[in-house]
Each structure stands twice: as C-alpha cells, then as structure tokens.
Amino acid sequence: MGTFIATPSTIEKKWYIVDAEGQTLGRLAAKVASVLRGKNKPIFTPSVDTGDYVIVINADKIRTTGKKLDEKVYFTHSKYAGGSRFVTLREMLKNKPEEVITIAVKGMLPKGPLGRDMVAKLHVYAGPDYEQQAQKPEVLNID
C-alpha cells in the first residue's frame, strides 16, 4: 500500500465561521491558518491546497496582550523615495481591522502560489455581518 496523496478531485471543501470577539490575535490567526492549510484533516498533503474556507467576523473586537497596541508597527513602502509608512496596531484596528487578521494569517501560510491560493479563501469582516450566508458555514470554535 502506497502513501495517500490528495488530489483536487478527492478534496471536499467546507465553510467555517469564526467569531473573533475577545480572541487573542496570534492564537486566532494560528488556528485559522491551520484550517486554511488543511492541517486539521486526515488527508493533509503539504503540496496540495486541502484547506477549507474561513469567514472571520467581529475583527474590530480582537484583543492583544502586553503593549502591542502601541509597540507593534506595520510597515509599508510606496516604492518612491521617502515612501516609508509606519502604522501602529492601534491605528490599524481603528482604520482597517480586517487587514490586521489578514496580515497575521498570511504570515503563517506558505509563501508562493500555494499560500496565495490559501489566503484567498479567507474572508474577514469588521462587524457581525458577512456576505456568505448562502454557503451555510459551520461555527469553528477556537479554544
């Protein structure tokens, strides 16, 4: 008997919904990245996207520990001279709370085309409303 390798025809994808209210940012991101990658399934294959779709709601109510709200800084550059931009976590949660979770999860996924396909299955919303009601997502408990 050989080793089982998942193929796109053998993968069954499901939809999960996660409520981020009161959750710690890093722990939530680690669990969501694991589900997006498919590590929670027995058919996990590292080179194949076996993961599920994840919807994260209430991203603006995420919490962090320590002094991260003021000391964690997000860096972007416009590709022009002097185009450096530094934004603290507090400002980011106020202006774009969806980006905080997306960046945290993206950093925990593989780099390259496979990781980009996985992060495309992540849908993050600042409030309790989301657009994917037709997919009937199951609640994913983060402990």
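Look up a bit, the structure's there.
Residues numbered from 1 in each chain as written. Predicted model: local features only at pLDDT ≥ 70, side-chain atom pairs only at ≥ 80, totals over all residues. Heavy atoms only, no water.

*Asks:* Can you lay out the overall build of the protein for me, pointing to particular residues and giving the numbers?
*Replies:* Within the protein one finds five helices and six strands. Counting helices and strands in the order they occur from the N terminus, the protein gives β-α-β-α-β-β-α-α-α-β-β. When its C-alpha atoms are laid out on the principal axes, the protein stretches across 55 × 35 × 30 Å. Counting only contacts in the protein whose residues sit at least 6 apart along the sequence, the fraction spanning at least 24 positions is 68%. Carbon and sulfur atoms make up 53% of the accessible area of the protein, which totals about 8900 Å². (Helix = DSSP H or I, 4+ residues; strand = E, 2+ residues; numbered from the N terminus. Contact = heavy atoms within 4.5 Å. Areas by Shrake-Rupley, 256 points an atom, 1.4 Å probe, with all protein chains shown as cover.)

*Asks:* Pulling in residues and values, what's your account of the side chain of Lys 41?
*Replies:* Note that Lys 41 resides in the loop between helix H1 (25-37) and strand E2 (53-57). Judged by its relative accessible area of 16%, Lys 41 falls in the buried class. If sequence neighbours within four positions are ignored, Lys 41 has contacts with Ile 11, Glu 12, Lys 13, Thr 50, Gly 51 and Asp 52. (Buried < 20%, exposed > 50% of the residue type's maximum accessible area, 1.4 Å probe, protein only.)

*Asks:* Can you explain the environment of Ala 120? Please cite residues and give values.
*Replies:* By the secondary structure assignment, Ala 120 is in the loop between helix H5 (113-119) and strand E5 (122-124). Exposure remark for Ala 120: the relative accessible area of 53% places this residue in the exposed category. For the pair Ala 120 and Thr 102, spaced 18 residues apart in sequence, the C-alpha separation works out to 9.9 Å.

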